[in-house]
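Secondary and tertiary structure notes
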Amino acid sequence: CPGLSDRIIARLYLTGWSLVCRLPEPWARWLFTRIADVLWRRRGPSVQQLEANLRRVVGPDVSPDQLRRLSRAAMRSYLRYWREVFRLPVIPADKIMAGMRINTDLEGVAFGYLAAGRGVIFALPHTGNYEQAGAYIIRRGAGSFTTVVERLSSAPVFDKFLEFRQSLGMEVLPHAGGVDPSGVLAERLKEGRLVCLVCDRDLSASGVEVQFFGEPARMAAGPAVLAEETGAALMPVTLWFQGEQWGAHIYPEVTVPADGDRREKIAAMSQQMAQAFEQGIAEHPTDWHMLQKVFVADLDRSRLAKASAAVSTDPAHPAPERS
């Protein structure tokens, strides 16, 4: 929320968790739609970046009016995500299960790998509602899964997110400020467990450059690194909202190439992952909640310099990301 202090934002988040789940669903829907429209009309830096990202998705010929309508729908989708996060503790489990629409048969393949003792990595972009998807996966039979979260500037909000995700059954590892999550993730995968990582943005400045909607972009290389290290199945997943329900597409496994050195293999796998994200986002652009910089052309020089330095020192072992 541009223009608000971290303290005020933290208070709004904490209030949301305590109050929104008590509102009748129609009231909550109306409230969050209005909030989305207010933020959209203000057209702060986050909305401007959202529009810059969406322009890459729909192409340069989109008119300003079309782009504004698209960004308005995207902001409403983004605030729907937050409404559902705040209300997830009171959404009935049968609604979560019955409302999930997975449009491929690869869900069974993934759970078959887990049943056979092979680890699985679900790699996702910031689309749809991955908290609801996580609740679905746990109830579907995964038992639990491990993920990584970005450490937020507000400790109370971060602690609440940690508590919330753990209450759903997730094992949550902070991205920074604690034990390096890479080793724990690799251990879980070698144990034949599930790891879920949102990775369409490079938080660590040690990611990999991919071609994304015709432009260079930086994404986290952690999923490819872990798959190459552990033999786990790397399967991209995209999510979207489907009316009052939720949609998901699980893509075929991204396999480790037979040729090339480690850096080349990780780059090729990350590119294949990006292509899956590209397909899913192009089909549901308003449900891509990317209000941050992803494309190299938008990144500042200092960040690019850090990324280059990170690759030169450790080109194939960046930390996985989730935010």
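Here's what I pulled together on the structure shown here. This is a predicted model, so every value here is computed, not measured.

**A closer look at empty space enclosed by the protein**
- Inspection of every chain in the model, using the stated rule, returns one cavity of 30 Å³ or more.
- For the lining of the largest cavity, the secondary structure elements donating two or more residues are β1 (100-102), α6 (106-115), β2 (120-124), α7 (130-142), β8 (233-242) and β9 (245-250).
- For the lining of the largest cavity, the element with the highest residue contribution is α7, accounting for five residues.
- In terms of residue class, the lining of the largest cavity is made up of 15 nonpolar, one polar and two charged.

**Considerations on the packing of helix α2 (residues 25-42) against helix α4 (residues 64-87)**
- Packing of α2 against α4 leaves a shortest axis separation of 8 Å and a crossing angle of 140 degrees. Here α2 is positioned oblique relative to α4, judged by the angle of their axes. Like other packed secondary-structure pairs, α2 and α4 cross with a definite hand, here right-handed. Every residue of α4 that contacts α2 at E25, A28, R29, F32, T33, R34, I35, A36, D37, L39, W40 and R41 is listed here: R68, S71, R72, M75, R76, L79, W82, R83, F86 and R87.
- Taken together, the residues that form the contact of α2 with α4 break down as ten nonpolar, two polar and ten charged.

**Things to note about α2**
- Taking 1.5 Å per residue, 18 residues should reach 26 Å; α2 reaches 26 Å between its end C-alpha atoms and fits that length.
- Among all positions of α2, only A28, F32, A36, D37, L39 and W40 are buried. Each buried residue of α2 sits inside an arc of 165 degrees when the element is viewed along its axis, so together they form one side. Of the residues in α2, the exposed ones pointing more than 90 degrees away from the buried face are P26, W27, W30 and R41.

**Overview of the packing of aromatic side chains**
- The full count for this structure, using the stated rule, is nine aromatic pairs.
- Aromatic side chains Y81 and W82 sit 5.2 Å apart centroid to centroid with 65 degrees between the ring planes, which places their arrangement in the edge-to-face category.
- The class of W82 is buried, set by a relative accessible area of 11%.
- Members of the aromatic cluster, connected to one another through ring pairs, are F32, Y78, Y81, W82, F86 and Y130.
- Positioned above the aromatic ring of Y113 is the side chain of R118, whose terminal nitrogen or guanidinium carbon lies 4.8 Å from the ring centre.
- Against the face of F111 rests R140, its NZ or CZ located 4.2 Å from the ring centre.

**Re the environment of E209**
- With respect to the helices and strands, the residue E209 is situated in strand β6 (residues 208-212).
- As for E209 and Q271, which are separated by 62 residues in sequence, their C-alpha atoms are 8.3 Å apart.

**A few points about the side chain of T230**
- If you trace the backbone, T230 turns up in helix α10 (residues 222-230).
- Of the polar contacts made by the side chain of T230, one reaches the backbone oxygen of L226; its length is 2.7 Å.
- From its side chain, T230 meets the backbone nitrogen of A232 in a polar contact 3.2 Å long.
- Apart from residues lying up to four places away in sequence, T230 is in contact with A186, L189 and K190.

Conventions and cut-offs
- Residues numbered from 1 in each chain as written.
- Predicted model: local features only at pLDDT ≥ 70, side-chain atom pairs only at ≥ 80, totals over all residues.
- Heavy atoms only, no water.
- 1 Å grid on protein atoms, 1.4 Å probe; cavity = no way out; pocket = protein on both sides within 12 Å on 5 of 7 lines; lining within 4 Å.
- Points joined across faces, edges and corners; volume = space filled by probe spheres on them.
- Helix = DSSP H or I, 4+ residues; strand = E, 2+ residues; numbered from the N terminus.
- Nonpolar A, V, L, I, M, F, W, Y, C, P; charged D, E, K, R; others polar.
- Axes fitted to C-alpha atoms, helices over the stretch in contact; angles between N-to-C directions.
- Parallel < 35°, antiparallel > 145°, perpendicular 65-115°, else oblique.
- Left-handed = near helix turned anticlockwise from the far one by under 90°.
- Contact = heavy atoms within 4.5 Å.
- Expected span 1.5 Å × (residues − 1).
- Buried < 20%, exposed > 50% of the residue type's maximum accessible area, 1.4 Å probe, protein only.
- Arc of directions from axis to C-beta.
- Phe/Tyr/Trp six-rings, centres within 6.5 Å; stacked < 30°, edge-to-face > 60°.
- Lys NZ or Arg CZ within 6 Å of the ring centre and 35° of its normal.
- Polar contact = N/O pair within 3.5 Å; in protein donor to acceptor, adjacent residues only side chain to side chain.

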